[in-house]
There are 2 protein chains.
Amino acid sequence: MALVVQKYGGSSVADAKSVKRVAKRIAEAKRAGNDVVVVVSAMGDTTDELLELAAQITPLPPQRELDILLTAGERISMSLLAMAINNLGIKAKSFTGSQAGVITDAAHGKARIVDVVPERIFGTIEKGQVAIVAGFQGVNSATNDVTTLGRGGSDTTAVALAAGLNADVCEIYTDVDGVFTADPRIVPTARKIDRITYEEMLEMAASGAKVLALRAVEYARRYGVRLHVRSSFSGAPGTVVSGTFGDPIDPNAPDGTAEHGAQQEENAMEDPLISGVAHDRSEAKITVVGVPDKPGMAARIFEVVAASGANIDMIVQNVSAAATGRTDISFTLPEGHGPDALAALRNVKDEVGYEALEFDDQIGKLSLVGAGMKSNPGVSARLFGAVRDAGINIEMISTSEIRISIVTRADSLDDAVRAVHTAFGLDSSDGEAVVYAGTGR
Amino acid sequence: MALVVQKYGGSSVADAKSVKRVAKRIAEAKRAGNDVVVVVSAMGDTTDELLELAAQITPLPPQRELDILLTAGERISMSLLAMAINNLGIKAKSFTGSQAGVITDAAHGKARIVDVVPERIFGTIEKGQVAIVAGFQGVNSATNDVTTLGRGGSDTTAVALAAGLNADVCEIYTDVDGVFTADPRIVPTARKIDRITYEEMLEMAASGAKVLALRAVEYARRYGVRLHVRSSFSGAPGTVVSGTFGDPIDPNAPDGTAEHGAQQEENAMEDPLISGVAHDRSEAKITVVGVPDKPGMAARIFEVVAASGANIDMIVQNVSAAATGRTDISFTLPEGHGPDALAALRNVKDEVGYEALEFDDQIGKLSLVGAGMKSNPGVSARLFGAVRDAGINIEMISTSEIRISIVTRADSLDDAVRAVHTAFGLDSSDGEAVVYAGTGR
C-alpha cells in the first residue's frame, strides 16, 4: 500500500462535472489500496474573479485581506470535492492550509512554507479516509493569519505535504499529458518526456516551461519527493521527475510509475543528452548605453536594479570601444519589473554617468536543457548552427552546466524553437530515438 | 466613546458598490469617535449560489463539508469590506468566526454558540482599528472544525459579539427602516415602530416578522444587549429593541439612539397597547380526524409528531361528539415539517385508532402583539370583531400573555391583516397616536 499525494489544478476542477470526474479518479486510487491525500486549487477562473472583485473595491488592497479573499477559492473547491468523493461511498474530509498544518512566514501574498505539521491529515488517512487539502495557502503561526503562497503555490503545497507525510509519490495532475520536449502549441511534433531529473526540470521550469512551478521542483529536489506530472483527463502515465534515472522503482508504486521501472533502469546507463527546448516570452531587455568604462560601474548598476526588486536574468556587456572609453550593458528581467528598474536607474544617471536607457519588450528567450550536455562540447555549436540556418539573429547568450539560453526577436522565437527541436532529434517523427547521437558522444 | 457592533446583511453588501457604501457608513461611525466592530453576511445571493453548486455535486452533502463551503461566502464579503474601509484611510482587519472566538457546539448547519472569546477583536479595537467579523459561522473547539449557525446566524453572531464585548449597542442594518406595525407590502399605512421590548419583538419574530431572527432576539434578551434595527440605505433612526421603554439612554450612544432618549423616558409611563400585526404564510395544518376520546390519545399524537422533528405551533381540539365518542385534533406546523409528521402519524394509525389524516397548506396566521394587552380584556373582542366585519372566518385561535394569533384561509390573510391594523389605530394616517386609546384602558 502506497501513500499518494495527488494535486489537481484549477482547470481540472473548473465546474461541478469536472469535480465529479476528479472525485472518481481519487476514488479509484483509494480503492486500489492506496492512502490518498489530495491538494486542490481554486476552481477554474475563481481566483481571477476574486481579484477582479477586489479591484472593484480598491486598486491597493491590504495584502492580508487579499489573502483572506483569495483563500475562499480553495475553500469552495475542496469542500465540493470532498462532497463528490463522499457521494461515491468513500469518506473524505477537507482541510484548509491552516488545518492541514501548512505553516508559513508572514509574507502575505508570497509566503514561504517554514514547516508542515500534518497531524490532522495523518489522523484522517489512519481512519482510512481521504484528506483533501486547500492548495496555495497556509497560516502564519505567529499571528494566526491566513497567508497565500503566490505563484505555483498549490504545486508547492502538494510537494511540501508529500515531504511532510513521507509519501511515495506526488502526482501533479494537469490539463496536458506531462512535460514535453517543447510546447506542443509551437512544436506539433514535440514529445512527452517519460522521465527527467530535478536539475533538468528546474532548468526547464526556470526557462519558461509552465507545467510545473519552479518552487515546487526546488522543494521536491530538496526533500527527494518523486513527482509524477500527468493528465487528469487520461489514464496515461506522464512525466516522472526524480533524482536520477537509475532510482530503484517501488514495484508497488501507484499506477503509472511501476510499469516504467524496468525501462528506466535500462536507460540509466545512457542519459538522454537533451531533455527539451523551453521558451519564454515574458522577459524584457534593458540596455544602459554609454557606461563609462571604470571599475565598479557595472556593480553599481546591478546593485541599484536589484534593490528595485527586479530579478535579473541574462547579462551582456559589450567590449568597450577604446576610442570612447564607454561600453553598453544589457540585461533581461521579467517585463513587469521593467518600470521599477528603469526608475531606479534614472535616479543614478549622474552618479554612474551613463548616456541613455533603452527598454525592449519584444524579445524571446529559447533554452535548451539537458544533463547530458555537461560533457558535450558539440551542443552549443549545433544550437547556434540551427538558429543561424533558420535565418535568426542571436542577441544574447547565457549558459549553465545543463542549459544554453539565447535571446532572439520575439517574432522569431517560434521558428527558433522548431529549428532547435528538430536539430536535436527531438521530433516525434524521428521515432523512439530519445538519445541524441551527436558529434560529441 | 461608545463601542458599537454593526451587522450588515447580504442585501446591504450585494456588490462592490454596496460594499463601498457600507464602508463609508462604518468609517463615519469610527470618525465620530466610536469603537466599531462589524459583523457581515455573505454578499447578496452568494449563499444560494454555493448551495446550488453543492446540489450539482450531490443531493446529500456531508454537513461538515457544506459548512466549509458556505463559510466561503462571508470570507469574501468580510475581506472586501475590510479593503474598502482601509481604502478610506481607516485601518480595518477581517476575522473568521473562528478567529473572532465564536465557539459553537458540533451541530453542523445549525450550531449553537456556547462561548465567545473575542481576544483578537479586543486587541484590534484597542489599536484603534475596525474589526470585521464573518457572521453565521463559528468553530467547534473540540474538533477545530468550522460550523455554521443556520438561519438568522449573522444576527446571532452580532448579538453574541456585542454581549461578549459588552458593547453599548448592536445595530442591525437591513434593507428596511426598522420593525413595522405590519408588513408595508401588505399594509401601505404601516408605521415604523420606534421602540419595542424584547418580549414583544420575540412574539413578532416568532409570528412571522422577518426583520430580526428570533434566536438573535432571545440572545439579546438573555444578555441585555440593546438592539437597533435600521436601514443601511438611510441615516434615519430605526427601531430600538430593549428591556423596557424606561431604560436610561446613554447620551453618548451612537447616532440614532441618543436623540430619542427623552421621548422614550416620557413614554415609559404609558406603554403602547399594541406593537404590531405580524403574519405568517409558512405554516400548514394537520387534522387527525376521529380520534377515540380516551385519555392519553392526544398526548400520544403529539409525542409521535414531536419525535418526527416537527415544531408544533397552534393546537385545537374540537369538543368531542358524545354520540360518536370521537374527536378531531388539529395543529399547525412549518409546512416543510408536514411530510415527516404525516409519516409518523401513519405509523401509529392502528395504535391511536384515528379515522383519517388531513393536510392543509392553504392557511395563514395573523398575530397581534403588544405588552399592553396583558391587562386589557377588550383586545380579543376588538380583534375578532374586526376580522368578522371583514367577512373572514377564524379557524384557530391561540394566545400568549402579549399575543393573540388566529388562523384564516391563506387568501384572506392580507385582508385580515389590514382590517386588524386599522382597527387598532396603527395606520399612519391616524397621525402620531402610537398609543391605542381603546375601550379597555
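For clarity, every value in this text was computed on a predicted model and none was experimentally measured. (Residues numbered from 1 in each chain as written. Chains lettered and ligands numbered in written order. Predicted model: local features only at pLDDT ≥ 70, side-chain atom pairs only at ≥ 80, totals over all residues. Heavy atoms only, no water.)

**Student:** Just give me the short version of the overall build of chain A, but keep the residues and values in it.
**Tutor:** When its secondary structure is counted, chain A shows 13 helices and 20 strands. Counting the 441 residues in chain A, one finds 57% classified as buried. Looking at chain A alone, contacts between residues at least 24 apart form 73% of all its contacts between residues at least 6 apart. If you sum the accessible surface of chain A, you get close to 18000 Å²; carbon and sulfur atoms cover 49% of it. (Helix = DSSP H or I, 4+ residues; strand = E, 2+ residues; numbered from the N terminus. Buried < 20%, exposed > 50% of the residue type's maximum accessible area, 1.4 Å probe, protein only. Contact = heavy atoms within 4.5 Å. Areas by Shrake-Rupley, 256 points an atom, 1.4 Å probe, with all protein chains shown as cover.)

**Student:** Tell me about the relation of the copies chain B and chain A, residues and numbers included.
**Tutor:** At an RMSD of 0.1 Å, chain B and chain A line up after a rotation of 179° and a shift of 0.0 Å along the axis. Classification of the inter-copy transformation places it as that of a two-fold axis. Minimal C-alpha distance to the rotation axis in chain B is attained by Ala72(B), lying at 2.4 Å. The fraction of interface residues of chain B whose copies in chain A are also interface residues reaches 98%, indicating that both copies meet through the same surface. (Least-squares fit on C-alpha atoms with pLDDT ≥ 70 in both.)

**Student:** Tell me about the nonpolar core, and please be specific about residues and values.
**Tutor:** Judged by nonpolar contacts, the single largest core of 72 residues is most densely connected at Leu81(A) and Leu81(B). The contact partners of Leu81(A), leaving out residues within four places of it in the chain, are Val19(A), Val22(A), Ala23(A), Ile26(A), Val38(A), Val40(A) and Ile132(A). (Core = buried A, V, L, I, M, F, W, Y, C linked by side-chain atoms within 4.5 Å.)

**Student:** Explain helix α2 (residues 46-57) of chain A residue by residue, including any values.
**Tutor:** Along its 12 residues, α2(A) runs 17 Å from first to last C-alpha, staying within 8% of the 16 Å computed at 1.5 Å per residue. Residues of α2(A) that are buried: Thr46(A), Leu50(A), Ala54(A) and Ile57(A). Looking straight down α2(A), one finds that the buried residues subtend no more than 80° of arc, so they occupy a single side. Exposed residues on α2(A) whose side chains face more than 90 degrees from its buried face are Asp48(A) and Glu49(A). Buried residues along α2(A) sit against α3 (63-87) of chain A together with α1 (16-31) and α3 (63-87) of chain B. (Expected span 1.5 Å × (residues − 1). Arc of directions from axis to C-beta.)

**Student:** So what's going on with the packing of aromatic side chains? Which residues, and what values?
**Tutor:** Using the criterion set out here, one finds 6 aromatic pairs over all chains in the structure. A centroid spacing of 5.4 Å and a plane angle of 70° characterise the contact between Phe302(B) and Phe331(B), whose relative ring orientation is edge-to-face. In this pair, Phe302(B) sits in helix α9 (residues 297-307) while Phe331(B) sits in strand β16 (residues 326-334), placing the two residues 29 residues apart along the sequence. Look at Phe331(B) and you get buried, because its relative accessible area is 0%. Geometry around Phe95(B) places Arg64(A) over its ring, the cationic atom sitting 5.0 Å from the centre. (Phe/Tyr/Trp six-rings, centres within 6.5 Å; stacked < 30°, edge-to-face > 60°. Lys NZ or Arg CZ within 6 Å of the ring centre and 35° of its normal.)

**Student:** I'd like to hear about α3(B), residue by residue, with values.
**Tutor:** Taking 1.5 Å as the rise per residue, α3(B) with 25 residues should run 36 Å; its terminal C-alpha atoms sit 37 Å apart, in good agreement. Burial runs high along α3(B): 22 of the 25 residues are buried.

**Student:** Quick rundown of the sheet that holds strand β5 (residues 113-116) of chain A? Include the residues and the values.
**Tutor:** All names here are of chain A. Pairing is mixed across the open sheet formed by 4 strands, whose spatial order is β5-β4-β7-β8. Pairing within the sheet leaves two strands with one partner each, and these edge strands are β5 and β8 (145-148). When strand polarity is set aside, the average angle formed by the axes of neighbouring strands in this sheet is 45°. Bridge count for strand β4 (residues 102-104) against β5 is 3 bridges, and the pairing is antiparallel. (Pairing = 2+ DSSP bridges. Axes fitted to C-alpha atoms, helices over the stretch in contact; angles between N-to-C directions.)

**Student:** Tell me what's going on with the interface of chain B and chain A, and back it up with residues and numbers.
**Tutor:** In many analyses, interface size is given as the accessible surface area lost on bringing the parts together. Listed per partner, the contact involves 40 residues of chain B and 39 residues of chain A. Both sides of the chain B and chain A interface together cover about 3200 Å² of buried area, and 63% of this is carbon and sulfur. Of all residues in chain B, Ile57(B), Arg75(B) and Met83(B) give up the largest surface area on contact with chain A, accounting jointly for 24% of the area buried on that side. Linking chain B with chain A are 2 salt bridges. (Buried area = accessible area lost by both parts, 1.4 Å probe. Salt bridge = Lys/Arg side-chain N within 4 Å of Asp/Glu carboxyl O.)

**Student:** Mind laying out the pattern of salt bridges, listing which residues take part and the relevant values?
**Tutor:** All chains considered together, the criterion is met by 42 salt bridges over all chains. The closest approach of N and O atoms between Arg185(B) and Asp183(B), which form a salt bridge, is 2.9 Å. When its relative accessible area of 18% is taken as the criterion, Asp183(B) is described as buried. Among the charged side chains, a network of salt bridges with common partners joins Arg64(A), Glu65(A), Asp145(A) and Arg120(B).

**Student:** I'd love a proper account of the pairing of strand β16 (residues 326-334) of chain A, names of residues and values included.
**Tutor:** Residue and element names in this part refer to chain A. Pairing of strand β14 (residues 283-292) with β16, which is carried by 8 bridges, proceeds in the antiparallel orientation. Along β16, the bridge assignment pairs Lys285 with Thr332. Note: strand β15 (residues 315-317) against β16, 3 bridges, orientation antiparallel. Counted as the bridge partner of Val316 is Ser330 from β16.

**Student:** Can you lay out the confidence of the model for chain A for me, pointing to particular residues and giving the numbers?
**Tutor:** Residue and element names in this part refer to chain A. Overall, the predicted model of chain A reaches an average pLDDT of 88, with 90% of residues at or above 70. Between residues 246-270, whose pLDDT stays under 50, and residues either more than four places distant or in other chains, the model counts 40 contacts. If you check the scores for this complex, the pTM reads 0.82 and the ipTM reads 0.80. (pLDDT = per-residue confidence, 0-100.)

**Student:** Tell me what's going on with the domain arrangement of chain A, and back it up with residues and numbers.
**Tutor:** Residues and elements named next belong to chain A. Once the domains are mapped, chain A shows domain 1 (3-265) and domain 2 (270-441). Distance between the C-alpha centres of domain 1 and domain 2: 31 Å. Of all residues in domain 1, Ile186, Arg191 and Ser207 bury the most surface against domain 2, accounting for 35% of the area lost on that side. Across the domain 1-domain 2 interface, the total number found is 1 salt bridge. In this structure, the salt-bridge partner of Glu203 is Arg403, at a minimum N-O distance of 2.6 Å. Per-element accounting of the side of domain 1 that touches domain 2 gives the leading share, 5 residues, to helix α6 (residues 198-206). The class makeup of the residues in the side of domain 1 that touches domain 2 is 10 nonpolar, 4 polar and 5 charged. (Domains from an automatic or database assignment. Nonpolar A, V, L, I, M, F, W, Y, C, P; charged D, E, K, R; others polar.)

**Student:** How would you explain the environment of Leu273(B) if you had to name every residue and give the values?
**Tutor:** Residues and elements named next belong to chain B. Looking at the secondary structure, you find Leu273 in the loop between α8 (261-267) and β13 (276-280). Given the relative accessible area of 0%, Leu273 is considered buried. Spatially, the C-alpha atoms of Leu273 and Phe424 are 9.0 Å apart, while their sequence positions differ by 151 residues.

**Student:** Give a description of the pairing of β14(A) that names residues and reports values.
**Tutor:** Residues and elements named next belong to chain A. Burial analysis of β14 places 10 of its 10 residues in the buried class, the great majority of the element. Note: β14 against strand β17 (residues 356-360), 5 bridges, orientation antiparallel. Opposite Thr287, over in β17, you have Glu358 as the bridge partner.

**Student:** Can you break down the side chain of Ser231(B) residue by residue, with the values?
**Tutor:** All names here are of chain B. If you trace the backbone, Ser231 turns up in strand β11 (residues 227-231). The exposure class assigned to Ser231 is buried, which follows from its relative accessible area of 3%. Within the local environment of Ser231, its side chain forms a polar contact with the backbone nitrogen of Phe233, the two atoms lying 2.9 Å apart. (Polar contact = N/O pair within 3.5 Å; in protein donor to acceptor, adjacent residues only side chain to side chain.)

**Student:** Can you explain the sheet that holds strand β18 (residues 363-369) of chain B? Please cite residues and give values.
**Tutor:** Residue and element names in this part refer to chain B. Spatially, 4 strands are ordered β13-β18-β20-β19 in an open sheet, and the strand pairing comes out antiparallel. Every other strand in the sheet has two partners, leaving β13 and β19 (396-400) as the edge strands with one partner each. Within the sheet, the average angular offset between the axes of one strand and its neighbour, ignoring direction, is 20°. Examined bridge by bridge, β13 and β18 share 5 bridges and lie antiparallel to one another. Within β18, the residue paired with Asp280 across the bridge is Lys365. Sheet strands in contact with helix α12 (residues 378-389) are β18, β19 and β20 (403-409), and its direction is about 20° off that of β20. Along the sheet, helix α13 (residues 413-423) contacts β13, β18 and β20; its crossing angle with β18, the most-contacted strand, is approximately 15°.

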